[in-house]
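Structural overview
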Amino acid sequence: MNRQLTAIFAALEALLVVGIGVGLTLVPLSLLWAFEYGLQLDWAIFWRIAADAWLIGHGVDVHVALDAESATLFGFAGASSPFTIGIAALGFAVLTATMAMRTGRRIAETPHRTVGLIAAVVAFAALALAITVSAFHEAARPSFAQGLVLPTFVFVVGLAIGAARAHRRIGAARPELARRSRSLLAPLLERLPGDVRIVIASATRGGLIAVAAVVSVSAASCAALIAVGYAEIISLYESVHAGVLGGIALTLGQLALAPNFVVWAASWFVGPGFAIGTGSSVGPLGTALGPMPVVPILGAVPVDAPAWGFLGILVPVLAGFAAGVAIRPALQTALGERAGLAAQLVTGVGIGVVGGALLGLLALASGGPAGPGRLVDVGSDPVLVAAFAAIEIGVAGTLGILAGRHRAHG
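Presented here is an overview of the structure given in this document.

Criteria and cut-off values
- Residues numbered from 1 in each chain as written.
- Predicted model: local features only at pLDDT ≥ 70, side-chain atom pairs only at ≥ 80, totals over all residues.
- Heavy atoms only, no water.
- Helix = DSSP H or I, 4+ residues; strand = E, 2+ residues; numbered from the N terminus.
- Buried < 20%, exposed > 50% of the residue type's maximum accessible area, 1.4 Å probe, protein only.
- Contact = heavy atoms within 4.5 Å.
- Areas by Shrake-Rupley, 256 points an atom, 1.4 Å probe, with all protein chains shown as cover.
- Core = buried A, V, L, I, M, F, W, Y, C linked by side-chain atoms within 4.5 Å.
- Patch = residues over 30% accessible without salt bridge, like charges linked within 9 Å, V, L, I, M, F, W, Y side chains within 5 Å.
- Salt bridge = Lys/Arg side-chain N within 4 Å of Asp/Glu carboxyl O.
- Pairing = 2+ DSSP bridges.
- Axes fitted to C-alpha atoms, helices over the stretch in contact; angles between N-to-C directions.
- Phe/Tyr/Trp six-rings, centres within 6.5 Å; stacked < 30°, edge-to-face > 60°.
- Expected span 1.5 Å × (residues − 1).
- Parallel < 35°, antiparallel > 145°, perpendicular 65-115°, else oblique.
- Left-handed = near helix turned anticlockwise from the far one by under 90°.
- Nonpolar A, V, L, I, M, F, W, Y, C, P; charged D, E, K, R; others polar.

Side note on the overall build of the chain
- Scanning the chain from terminus to terminus reveals 14 helices and 7 strands.
- Every one of the 410 residues in the chain was classed for burial, and the buried ones make up 42%.
- Residue pairs at least 24 apart in sequence account for 77% of intrachain contacts in the chain once pairs closer than 6 positions are excluded.
- A total of about 20,100 Å² of accessible surface is found on the chain, and carbon and sulfur atoms cover 72% of it.

Next comes the structure, spelled out in structure tokens:
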């Protein structure tokens, strides 16, 4: 495959990623336009809704200004004043990153992977820009700069991860490619002492293990809450009177918010909890809910905090402890006799810093203004989540490493 074909192939891969992401919303909306509205409305309305949904899913702010009639139909206090939808429906971003990883792996296997990667990024950025421009309307205006940068950033992250994985897999067969790729980071890494690199790598690995454990427990908890609150969720579906196609569109919208719910559950376990509107609070020590939007999945949110809610803090603590225990053997092997108390304490603190930073970033990405009035405050406080998680995971991670030290000495 020559350079031209590689560039075309990569651009088509980028088009596929964008097409699937937008199409997941556009297809049910187009069916709604055809069968529920009898083709009477302008299809461009549904295109703009799908485009706005895709952009919002990548963190792009959409500024909304409704007329009096539309504000009344919206049904929320403050809808008559301009407001911003800034909460990211992270399901779209997860889908883009996942498909971009696949694209990165495929491009990395071509002879001209640099050309392919550049072509894919340029094509995706151009498509994101076109979608942003096409979504402009006096009633809803996405941020032009964010529409270009944020979706492309998510795509680049997934692309880089996929290409790196493919490179590691084929590096043995193509050693010259491995040498070229290593040379990009080698000058920076080689400036650090060897022991520092080992500690940083161990802390990063431990932080990722702890965060993965917390997120896994949070996802399982969300599934359990949905199962327990199934009757309330169905009741809310019936109250919406959306019909079959409207129900499908509503369900897809809630699926796009599923990663947000998981992150909010993680914030609950960490301690700060989350809010669904100004003045509300859902945490392990108490729950105070005001009027909530009629989103069926929110029927799974417990009205009262469980009596054992304070035990939720054990999730990040146990995750940090397990991460410390898990990384200690590799740390001991890499450092040998230099794996003293100081190195282990620094690694434990590093686990907390990495874990706290990651959970804080997830909290930042999963929250934001979701509508007018009290809906300007939805999600978790990223600073509190990061601080609480860093302490809980860091202390527990340090204890996990030291426990392995004492066991080894014994």
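From this point, the narrative continues.
Some remarks on the nonpolar core
- Counting residues in each nonpolar core, the largest one holds 40 residues, and the members touching the most others are I85, F261, W264, F274, L298, L359 and I393.
- Mapped onto this core, the elements with two or more residues apiece are β1 (62-64), β2 (83-85), α8 (194-228), α11 (258-270), α12 (314-335), α13 (341-366) and α14 (382-409).
- Broken down by element, the residue count for this core peaks at 8 residues, all from α11.
- Here F274 is in contact with W264, W268, S281, V282, G379 and S380, once residues within four sequence places are set aside.

Things to note about a nonpolar patch on the surface
- Together, L285, W308, F310, L311, I313, L314 and L318 make up a nonpolar patch on the protein surface, roughly 770 Å² of accessible area in all.
- Turning to its location among the elements, W308 is positioned in the loop between β6 (286-288) and α12.

Here's the deal with the sheet that holds β1
- Ordered in space as β2-β1-β3, the 3 strands form an open sheet in which the pairing is antiparallel. Each edge of the open sheet carries a strand with a single partner, namely β2 and β3 (140-142). Taking the axes of each pair of neighbouring strands and ignoring which way they run, one obtains an average angle of 25° across the sheet.
- Relative to β2, β1 is paired through 3 bridges, and the arrangement is antiparallel.

Focus: unusual backbone geometry
- Look at L39: it is not a glycine, yet its phi comes out positive at around 60°.
- Locating L39 in the fold gives a position in the loop between α1 (3-36) and α2 (43-56).
- For L39, a relative accessible area of 49% gives the class partly exposed.

A look at the packing of aromatic side chains
- The tally for this structure, following the rule as stated, stands at 6 aromatic pairs.
- Ring geometry for F124 and F155: centres 4.3 Å apart, planes at 5°, overall stacked. Of this pair, F124 sits in helix α5 (residues 113-134) while F155 sits in helix α6 (residues 144-170), and the two are 31 residues apart along the sequence.
- Exposure remark for F124: the relative accessible area of 0% places this residue in the buried category.

Some thoughts on the pattern of salt bridges
- Summed over all chains, the structure comprises 2 salt bridges.
- In this structure, E13 engages R102 in a salt bridge whose closest nitrogen and oxygen atoms are separated by 3.0 Å. Within this pair, whereas E13 is found in helix α1, its partner R102 is found in helix α4 (residues 90-108), the two being separated by 89 residues in sequence.
- What makes E13 buried here is its relative accessible area of 5%.
- Residue R102 is classed as partly exposed on the basis of its relative accessible area of 32%.
- Among the salt bridges present, the one from E13 reaches R106, with a minimum N-O distance of 2.7 Å. Of the two residues, E13 is situated in helix α1 and R106 in helix α4; the sequence distance between them amounts to 93 residues.
- One continuous salt-bridge network, built from bridges that share partners, spans E13, R102 and R106.

A word on α4
- The end-to-end C-alpha distance of α4, which contains 19 residues, comes to 26 Å, matching closely the 27 Å that a straight helix rising 1.5 Å per residue would cover.
- Buried residues of α4: L90, G91, F92, A93, T96, M99, A100, M101, T103, G104, I107 and A108, and no others.

Quick look at the environment of A128
- Within the element layout of this structure, A128 appears in helix α5.
- In the structure, A128 is positioned 22 residues away from L150 in sequence and 9.2 Å away in space, judged by C-alpha atoms.

A look at the packing of α1 against helix α10 (residues 243-256)
- Interhelical geometry of α1 versus α10 gives an angle of 160° and a closest axis separation of 9 Å. On the basis of the axis angle, α1 is roughly antiparallel to α10. Crossing handedness for the pair α1 and α10: left-handed. Together, L24, P28, L31, L32, F35 and E36 of α1 and L245, G246, I248 and L252 of α10 make up the contact between the two elements.
- Per-class residue counts for the contact of α1 with α10 are 8 nonpolar, 1 polar and 1 charged.

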